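# Understanding the architecture of this molecule
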Amino acid sequence: MTSDPKPILLKNGFIIDGSGSKGFKGNLLIRGKTIAAVSRQEIPGPSQVIDCTHKTITPGFIDMHSHNDWFLPNAARPELTTPFTEQGITTFVGGNCGFSAAGLKQDSSFKEYIEENNLFKTGTPRLEWASMAEYGAHLKTKGITHNLSTLAGHGTIRASVCGGNPAPLTPEQMKEVLYLLEKAMDEGAKGVSFGFQYAPGIFAQKEEIKQIADLVKRNAKILTVHQKAYSSISATYPVMPFGKAHNLIALEEMLNLARETGVRLQLSHLIFVGTKTWKTFDRAMALIDRAITDGVDLMLDTYAYHCGASIITVLLPDWFMAKAPASYTDKTLIFKVRLLAALSFRLLGFGFKDIQIASAVHGPFNQFNGMFLSDIAKARKVSPFKNYMDFIRQSHGTARVLMHRYTSPKIVDELIRHKASLFMTDAWAEPDGLQNPAAYGCFPKFIEMTRDRQLLTCEQVIHKMTGASARRFNIRDRGILKEGKASDINILDWDRVRDNTTLENTDRRPSGVESVFINGVQVVKNGRADPTIRPGLVI
């Protein structure tokens with residue numbers, strides 16, 4: 001499984017080139033990091049031949065909503081990205097949800113705060129860099145398993161200026177945040193990401209948000225947004241009898257921001273949390289469709305599961321998080337949150353029974369990894385709410401969870417089919433504890449679902465995974481099988497492609513992804529990745 005100086009000929013495969021065009025039987029020649037030829041005819045010349053008869057050849061998949069910018073620098077744990085390789089993913093777009101691993105203020109006094117207060121700290125080495133340029137140089141020196149494009153995370157960069165301070169930015173701080181974001185984009189970031197349900201993004205004021213959107217627009221980049229609410233009742237907005245659903249309010253705020261500023265907008269992981277929120281789906285999609293018709297440059301991303309990964313404090317309101325960690329033991333604030341949670345859960349059709357601990361990030365509590373909070377409460381013989389707060393306190397707010405009832409099967413199908421949707425995992429591999437199934441089987445599951453239920457044609461599903469995502473994030477040399485493009489390529493046994501994860505076994509390898517090439521180097525053979533090969537580039 002090493003690179004060979006002789007060209008590699010993929011012969012007699014069914015080629016789906018990633019453009020959305022109809023597939024065809026043909027041949028593809030890899031010469032080093034570049035595709036040398038794609039043809040329906042024979043490609044002459046000496047080469048190492050791989051017989052692809054009855055196989056499908058596609059571009060390498062692009063995970064356009066990833067958090068692996070935090071894990072790629074961990075040279076000691078390359079196996080953390082192996083599950084993505086075995087899905088056929090060759091490129092990550094990192095820095096999502098306001099969290100990016102770089103773009104920080106030089107010599108920030110809050111670097112330790114950033115290291116200790118993010119979702120990924122157990123799999124992330126110390127930040128030996130600050131700027132995007134320094135981060136890229138570090139990755140180039142160490143080598144990485146995948147290609148990486150990244151966004152500048154507003155939350156991380158804001159934290160490098162003022163830590164977790166919930167106060168509105170001063171004019172001087174605002175100027176510094178804008179400078180750092182623009183510098184990150186100048187150094188290669190594809191745009192900026194917001195994470196409005198995580199500290200410190202949760203504290204961003206309207207004017208701060210608008211100024212950043214204006215900046216992104218001026219730089220002709222993209223703005224990705226983890227909204228303030230994804231459920232009809234949330235802690236973000238006041239609960240009003242017969243009022244508008246909170247997820248629709250949050251969606252309208254972002255659509256109006258795009259209308260006002262003209263920024264290219266990507267709606268991150270559009271989900272509908274809780275059974276009562278599912279009925280808002282048609283209204284949400286009508287808002288999105290109307291915005292697209294009105295000329296808003298808008299797309300959304302989705303995954304293939306009904307659950308998703310997050311951090312345990314994602315349910316908590318800004319007024320509670322503003323006083324964290326002191327609020328974790330403040331009896332008055334805890335009383336208010338308990339009442340809010342009881343009301344919200346009842347109105348949502350969602351509760352502690354739907355929250356599964358992926359990693360407790362606390363030794364004595366790690367025995368409960370993989371269990372749901374309601375079952376843990378019974379085992380510990382405490383109330384569900386006290387149990388929830390215990391996990392928050394003991395993990396300092398960083399325990400990681402899988403949230404179920406994120407959406408319904410019908411909604412997943414509709415989002416997959418939608419003309420503005422792109423595909424992603426929004427996942428990372430845990431160093432220990434329960435794994436997110438999306439880290440192991442999401443892209444194969446997209447193929448399996450669309451193939452078996454005829455949701456999309458094979459050309460359409462591959463286009464969303466490759467060419468469409470490359471175009472959306474201005475990744476010019478990937479996503480299409482064409483002469484001169486980078487040789488990121490998958491060989492699939494199409495009818496056997498399958499996600500093998502289950503609720504109990506979330507870390508099973510997929511089937512049908514037989515070979516993967518990254519920059520012309522074969523990194524997967526017979527469905528197994530070699531985690532020691534590091535052919536990736538920062539792109």
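The structure under discussion appears in the preceding block.
Nothing here was measured: the structure is a model prediction, and the numbers come from that model.

### Details of the overall build of the chain
- For the chain, the helix and strand inventory stands at 16 helices and 21 strands.
- Each principal axis of the C-alpha atoms in the chain carries an extent, and together these give about 75 × 50 × 50 Å.
- A buried classification covers 63% of the 539 residues belonging to the chain.
- Of the contacts made within the chain by residues no fewer than 6 positions apart, 75% connect residues no fewer than 24 positions apart.
- As presented, the chain carries roughly 20,700 Å² of accessible surface, and 52% of it is formed by carbon and sulfur atoms.

### As for the nonpolar core
- Leu223, Leu265, Tyr388, Phe391 and Met465 are the most contacted members of the largest nonpolar core, which has 161 residues in total.
- When sequence neighbours within four positions are dropped, the list of residues in contact with methionine 465 reads Phe61, Ile62, Phe423, Phe443, Phe446 and Ile447.
- Core analysis: the next-biggest nonpolar cluster, separate from the first, contains 14 residues, Ile8, Ile35, Leu481 and Phe517 among them.

### Quick notes on helix α13 (residues 409-417)
- When we look at burial in α13, the residues that qualify are Ile411, Val412, Asp413, Leu415 and Ile416.
- Considering only its buried residues, α13 is in contact with α8 (281-293), β13 (298-302), β17 (421-423), α14 (438-453) and α15 (458-465).

### Considering the packing of aromatic side chains
- Evaluation of the coordinates by the stated rule reveals 17 aromatic pairs.
- Ring geometry for tryptophan 129 against tyrosine 135: centres 5.3 Å apart, planes inclined by 55°, an arrangement best described as tilted. The residues tryptophan 129 and tyrosine 135 share a single accessibility class, namely buried.
- With a centroid separation of 6.4 Å and an interplanar angle of 75°, the aromatic rings of tryptophan 319 and phenylalanine 320 are classed as edge-to-face.
- A residue is classified by how much of its surface remains accessible, and tryptophan 319, at 31% relative accessible area, is partly exposed.
- Here the aromatic residues Phe345, Phe350, Phe352, Phe385 and Tyr388 are joined through ring pairs into a cluster of three or more.

### Comments concerning the side chain of lysine 464
- Mapping lysine 464 onto the fold places it in helix α15.
- Buried lysine 464, no salt bridge; nearest opposite-charge side chain is aspartate 289, N-O distance 11 Å.
- Look past the residues within four positions of lysine 464 in its chain and what remains in contact with it is Ile416, His418, Lys419, Ser421, Leu422, Phe423, Leu456 and Ser469.

### Brief notes about the sheet that holds strand β6 (residues 61-63)
- Ordered by their spatial adjacency, 3 strands build an open sheet running β6-β7-β8, and the pairing between neighbours is parallel. Only two strands of the sheet have a single neighbouring strand rather than two, namely β6 and β8 (147-150). Along the sheet, successive strands turn relative to each other by an average axial angle of 20°, direction set aside.
- Sheet topology places β6 next to strand β7 (residues 89-94); 3 bridges connect them, and they run parallel. Pairing of aspartate 63 across the sheet is with phenylalanine 92, part of β7.

### Details of the pairing of β13
- In terms of burial, β13 is largely enclosed, as 5 of its 5 residues are buried.
- Taking every second residue as pointing to the same face, both faces of β13 are buried, with Leu298, Leu300 and Thr302 on one and Met299 and Asp301 on the other.
- One ladder, built from 3 bridges, connects strand β12 (residues 264-267) with β13; its direction is parallel. Bridge pairing links glutamine 266 to methionine 299 in β13.
- Handedness of the β-α-β unit built from β12, α8 and β13 comes out right-handed.
- Here β13 pairs with β17 via 3 bridges, running parallel. Residue pairing for β17: threonine 302 is matched across the bridge by phenylalanine 423.

### Considering the environment of alanine 76
- Examined against the element boundaries, alanine 76 turns out to sit in the loop between β6 and α1 (82-85).
- Judged by relative accessible area, which is 65%, alanine 76 ranks as exposed.
- In this structure, the C-alpha to C-alpha distance between alanine 76 and threonine 532, residues 456 residues apart in sequence, is 10.0 Å.

### Observations regarding a nonpolar patch on the surface
- Together, Val239, Leu343 and Leu347 line one region of the surface with nonpolar side chains, adding up to about 210 Å² of accessible area.
- Here leucine 347 lies in helix α10 (residues 331-348).
- In this structure leucine 347 comes out as partly exposed when scored by relative accessible area, which is 38%.

### Focus: unusual backbone geometry
- In this structure, the amide linkage connecting alanine 199 to the following residue, proline 200, adopts the cis form with an omega of 0°.
- In this fold, proline 200 is placed in the loop between β10 (191-195) and α6 (206-218).
- Cis geometry is adopted by the peptide bond preceding proline 325, which originates at alanine 324 and carries an omega value of 5°.
- Here proline 325 lies in the loop between α9 (318-321) and α10.
- If you check the backbone angles, histidine 54 has positive phi at about 70° while not being a glycine.
- Within the secondary structure layout, histidine 54 lies in the loop between β4 (48-51) and β5 (56-59).
- For histidine 269, which is not glycine, the phi torsion reads 30° and is therefore positive.
- Positionally, histidine 269 belongs in the loop between β12 and α8.

Criteria and thresholds
- Residues numbered from 1 in each chain as written.
- Predicted model: local features only at pLDDT ≥ 70, side-chain atom pairs only at ≥ 80, totals over all residues.
- Heavy atoms only, no water.
- Helix = DSSP H or I, 4+ residues; strand = E, 2+ residues; numbered from the N terminus.
- Buried < 20%, exposed > 50% of the residue type's maximum accessible area, 1.4 Å probe, protein only.
- Contact = heavy atoms within 4.5 Å.
- Areas by Shrake-Rupley, 256 points an atom, 1.4 Å probe, with all protein chains shown as cover.
- Core = buried A, V, L, I, M, F, W, Y, C linked by side-chain atoms within 4.5 Å.
- Phe/Tyr/Trp six-rings, centres within 6.5 Å; stacked < 30°, edge-to-face > 60°.
- Lys, Arg positive; Asp, Glu negative; His and termini not counted.
- Salt bridge = Lys/Arg side-chain N within 4 Å of Asp/Glu carboxyl O.
- Pairing = 2+ DSSP bridges.
- Axes fitted to C-alpha atoms, helices over the stretch in contact; angles between N-to-C directions.
- Right-handed = clockwise from strand over helix to strand, strands pointing away.
- Patch = residues over 30% accessible without salt bridge, like charges linked within 9 Å, V, L, I, M, F, W, Y side chains within 5 Å.

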